[in-house]
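Commentary on secondary and tertiary structure
Each chain, letter by letter, is given below.
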Amino acid sequence: MSESRQTSATMATNARTFGERARAWAEEYGLTLVVLVAFVSHFVNLFNYPLYLGDEGIYLEQAWAVLREGQLAPYSYFYDHAPAGWLLIAAWEFILPGHFDAFGMAMNSGRVFMVILDVLSTVLLYRVALRFTNSHYAAIATALVFNLSPLGIYYQRMVLLDNIMVFWMLLCLDLLLLPNRRLTSVLAAGFVFGVAILTKENALFFAPVVGYMLYHQVRDTYRARFSLVGFSVCTMMLVSLYPLYAILKGELLPSPTGAHVSMLSTLAWQMGRHGGSILDPSSQFWAFFWAKWWQKDPLIIVVGFVATLVNLLIGLGDRSRNRNFLVVSALSLFFILYLARGSVIIDFYVVPLLPLFALNVGLLLWWFAQRQPRGGAAMASLALVALLGGFVGLSHDEYFVNQTQLQFDQLEFIRQNIPPDAQVLIDDDLWVDLHEPSGNDPVYPYANSHWKIASDPAIQDRLLHNKWQNLDYLVMSNQLDYIFQLNNEQLAMDAYSHSRVMARFVEGDVSVEVRQVVKSSSSS
Amino acid sequence: MMIVSAALIFSLLVTIQAAYTVYLMIYTWDQPDAHDAAAAPESFEPPRISFTVLLPARHEEEVIQQTMDRVVNANYPAELIETLVVCEASDTGTIAKAQDKIAELNRGRNLNLRVVAFTDRPINKPHGLNFGFAQSKSDVVTIFDAEDEIHPEIFNVVNTVMIREKVRVVQCGVQLMDYDSSWYSTLNVLEYYFWFKSRLHFHANHGMIPLGGNTVFFRREVMTALGGWDEANLTEDADIGIRLSAIGEKVRVVYDDRYVTKEETPPSLAQFVKQRTRWSQGFIQTLFKADWRNLPNFEQKFLAVYTLAFPIFQAVLALYVPVALWMMLSIPSAIVVAMVLMLPLYLLLAHYVISVVGLYEFASAHGLHPPLTMSLKMAAVYLPYQWVLAYAALRAMLRQVRGVTNWEKTKHVGAHRVDRTI
């Protein structure tokens, strides 16, 4: 009798010391662990998968133009995006020894930068989760979900403005959550929020939630007025540099004769684009949802969305006590609203949602562990392990498939078979590789993006005189002919239908080609 | 090319300078410790320290009596307060008014309150202060200007701070109140607000502080050791602050909205320019007198030079605005260059926004309700106000170069008091 009581007492002591030791371990090594996971999960197979995307190429070629030509884009810049993102990429390429050639194909140099940003974002996300919950467990859970979801790994490796914007947004949240009560932290957060907007304009959708969060932080303090006004003014000042640039270039207002690009016309054009809202099952949103997101990783979508909704209920249930839940849930919901509202979206627009889903999952697990003093922590840990196991189970291509070999072979083929003075239609994925001088490889000054061949007067009219016969070669990325049709790129379609395959490289369902345009007369 | 590079460098320097100034304005909101430390104590020690109040007055017939009332009616034992109205002997009007008031106040009481009149030169405030100080007897000497509206608890505040914190010099807040009395009054009020509420704390924490001209309290041994006020200086208050800092004397700044000494803005633009000219010239005098060289470390010396030379910066800055706009529009240059040339204008905008927020901070602290249109009015008068300051600064430089160092006294009519009774 007394012996068994003694044993259970010893066990209780052991259990407590186990809990304490685990907590001390999390405090000591949690951040190191998640940084290692972030690095490994993103760096392994980084240069092989996924396929270099045309959009990645656009941002990289614009960074190239900043460094090599002192301009915001190699073609006339028409205010499609604010430039802070590729200015940062340009700065990275500038300090990188070997610049664009540092890691083989040009895109790799950008992807290494993305991994660095992902690691930094992970540190920030960890800190943000820690400040919201005061628990290293919650922070570790958040950071692991962020870094192991295959959907996240897929997009976070790509050279995307969205990844850069996520970094600035997390930095903004981190600065706002610093416990030092200083006004300069708030002002810095305002500037950083401005940088986030200048990196990718959809950061604006976070403004109401960030404002709400700041308001409740400072409302009863002596620095309330200066904090709220200061944050807004710092953001606006930074963002105003963008229209200021347009004004100084004389490109703010539309040109009556259409002689130049205009920031406001581009803005109006973008506002007017429709991709179909979430209510329409045939909209872009659902197309990407099923074909890309759900197919890659249904787990993060379901768990992240459910956690967002549950956190909303927890937050609304007791607003003053659970305000953090409300904030984290609202960040998620506002961005979902952005995706679902019915404008044009591209599949990678989902990127900023991923850290927020992770944050919601982390907070919810923590809430559950707190709520059930007996076994809650164990069950939350079990749920986390199951989720992470699911992620790893869904991941395969991310770590084992080599897709970019196709693009490498395609590039080698071009270098050996196409003369440097040829008029070449390309996708943006190989743009920098074909323009950046590198060793003895030829440079292709007349290799132009199909987007510009279809729409930039300087290329379409003045260089090619609107004749498909003036094109010599077509470098086709995966499904580029489908893009031609989708955007009604007449010149490209004509050239395509008069071309023959010189080389085709295939891996699974992905194929790329090099084609030669066959001209009817041999007068050239 | 040369012009562009010079403009770029100049623009960047101006931007850094302006950012520094803007930071000093918000210092106290940025530093929670500084903010908490600036407050007056919530409970008072029993009165123990005796005070001599110096009331230097020259042609202050209109306001001197009310000020004497205020001092005498302060909530502090009368036997611990000695009041000296310091006049120049030929200013018979003020002397007569003061004597009348003494007779009236002494009815039924025996107050330690008298007029002391000097006959020697120069006729200025520092000389009057030295004269008054020589005849004072109390532990602590303080100065109030004839137009000041002092808070009844001010002596309890200082008594408590000096006893608890063992400091020997205390500067309490002075605040202009009539923010809606003229086109320049709003911005003038806000200058005081930011100076006392924020910037002086930065100075105090860095051991280099130009003191204010009144509501400043010195232990008598400190003043004796310093050898009194500099009678050749137009801003004897800033000068004595530098000298105090040079000997490493800690200065405690109390800015608590509840206990500020209330003042009025100058009644006319001409008076305002004269006052500002005097301050600017006094700062320049103090700069060239170079007592700041005795400050212990580089940071303090830098801060001193920066503060004292500020009128010069101010002149340059205000003149820069039209030049910047002209350069942006007329010098063909890269977009990036044009954007850098714009930076100082951004700082100007930041300065304006901080002023507007400051107005509402000030107003809520004093239970005032400025209309929302006030910020528009401020925007309209913002640059003209800067130009007036620049004009005064230029005028001061010119006077200094020509060796004109007489005291252009500011006139007081008691606008803040009229305001209160309405």
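Along its length, chain A carries 23 helices and five strands. Along the first, second and third principal axes, the C-alpha set of chain A runs to 105 × 55 × 50 Å. For chain A, the residues scored as buried account for 44% of the 524 residues in total. A separation of at least 24 residues holds for 70% of the contacts in chain A among residues at least 6 apart in sequence.

Counting its secondary structure elements, chain B contains 15 helices and nine strands. In terms of overall dimensions, chain B is globule-like: its C-alpha atoms have a radius of gyration of 22 Å, near the 22 Å expected for 422 residues. Its C-alpha atoms give chain B principal-axis dimensions of roughly 80 × 45 × 45 Å. Taken over 422 residues, chain B has a buried fraction of 47%. Taking the intrachain contacts of chain B between residues at least 6 apart in sequence as the baseline, contacts between residues at least 24 apart amount to 83%.

Moving on: the sheet that holds strand β7 (residues 216–219) of chain B. Whether parallel or antiparallel, the strands of a sheet pair through hydrogen bonds between backbone atoms. All names here are of chain B. Spatial strand order, β3-β2-β1-β4-β7-β5-β8: seven strands in an open sheet with mixed pairing. Each edge of the open sheet carries a strand with a single partner, namely β3 (113–118) and β8 (251–254). Neighbour-to-neighbour, the strand axes of this sheet turn through a mean angle of 20°, independent of strand direction. Here strand β5 (residues 169–172) runs beside β7; their pairing, made up of three bridges, is antiparallel. Paired with V169 across the two strands is F218, which belongs to β7.

Residue and element names in this part refer to chain A. With eight bridges connecting them, strand β4 (residues 499–507) and strand β5 (residues 510–517) associate as antiparallel partners. Counted as the bridge partner of F505 is V512 from β5. Adjacent in sequence and paired antiparallel, β4 and β5 are bridged by two residues, among which G508 carries a positive phi angle near 60°.

Looking along the chain, the bond that leaves Y49 of chain A and enters P50 of chain A is cis, with omega of -5°. Going from R121 of chain B to P122 of chain B, the amide bond is cis rather than trans, its omega being -15°. Non-glycine residue R181 of chain A carries a positive phi angle of around 60°. Of the residues examined, R181 of chain A has 18 C-beta atoms within 10 Å and is grouped as partly exposed. Even without glycine at this site, T215 of chain B takes up a positive phi of about 55°. Position of T215 of chain B relative to the elements: it lies in the loop between α7 (185–205) and β7.

Attention now moves to the interface of chain A and chain B. Between chain A and chain B, the residue contacts involve 16 residues of the former and 15 residues of the latter. Within the residue set of the side of chain A that touches chain B, elements represented by two or more residues are α8 (183–199) and α10 (224–249) of chain A. Among the elements that make up the side of chain A that touches chain B, the one with the highest residue count is α10 of chain A (ten residues). Along the lines of polarity and charge, the residues of the side of chain A that touches chain B split into ten nonpolar, one polar and five charged.

Both strand β4 (residues 140–143) of chain B and β7 of chain B contribute to a ladder of four bridges, which runs antiparallel. Residue V140 of chain B lies in a different strand from β7 of chain B, and its bridge partner there is R219 of chain B.

Residues and elements named next belong to chain A. Domain assignment breaks chain A into domain 1 (16–400) and domain 2 (404–517). Every contact between the two is made by 18 residues of domain 1 and, on the other side, 19 residues of domain 2. It is helix α2 (residues 54–69) that contributes the most residues to the side of domain 1 that touches domain 2, seven residues altogether. A breakdown of the residues in the side of domain 1 that touches domain 2 according to their chemical character gives eleven nonpolar, four polar and three charged.

Okay, the sheet that holds strand β1 (residues 424–426) of chain A next. All names here are of chain A. Ordered by their spatial adjacency, five strands build an open sheet running β2-β1-β3-β5-β4, and the pairing between neighbours is mixed. Where the open sheet ends on each side, the last strands, each with one partner, are β2 (447–449) and β4. Sheet twist, expressed as the average angle between the axes of neighbouring strands with direction ignored, equals 20°.

In this section: the packing of α2 of chain A against helix α3 (residues 84–95) of chain A. All names here are of chain A. At a minimum axis distance of 8 Å, the contact between α2 and α3 shows a crossing angle of 65°. Between α2 and α3 the crossing geometry is right-handed. Between α2 and α3, the residues in contact are Y59, L60, Q62, A63, V66 and L67 and G85, W86, L87, I89, A90, E93 and F94, respectively. In terms of residue class, the contact of α2 with α3 is built from ten nonpolar, two polar and one charged.

Bringing the packing of helix α1 (residues 2–30) of chain B against α7 of chain B into the picture now. Residue and element names in this part refer to chain B. Between α1 and α7, the least distance of the axes is 7 Å, while the angle of their chain directions is 90°. Judged by the angle between their axes, α1 and α7 are roughly perpendicular. Seen from α1, the contacting residues are L24, M25, I26, Y27 and T28; seen from α7, they are F194, K197, S198, R199, H201 and F202. Along the lines of polarity and charge, the residues of the contact of α1 with α7 split into six nonpolar, three polar and two charged.

What counts as what
- Residues numbered from 1 in each chain as written.
- Chains lettered and ligands numbered in written order.
- Predicted model: local features only at pLDDT ≥ 70, side-chain atom pairs only at ≥ 80, totals over all residues.
- Helix = DSSP H or I, 4+ residues; strand = E, 2+ residues; numbered from the N terminus.
- Buried ≥ 20, exposed ≤ 12 C-beta atoms within 10 Å, placed from the backbone.
- Contact = placed C-beta atoms within 7 Å.
- Rg over C-alpha atoms; globule rule 2.2 N^0.38 Å.
- Pairing = 2+ DSSP bridges.
- Axes fitted to C-alpha atoms, helices over the stretch in contact; angles between N-to-C directions.
- Nonpolar A, V, L, I, M, F, W, Y, C, P; charged D, E, K, R; others polar.
- Domains from an automatic or database assignment.
- Left-handed = near helix turned anticlockwise from the far one by under 90°.
- Parallel < 35°, antiparallel > 145°, perpendicular 65-115°, else oblique.

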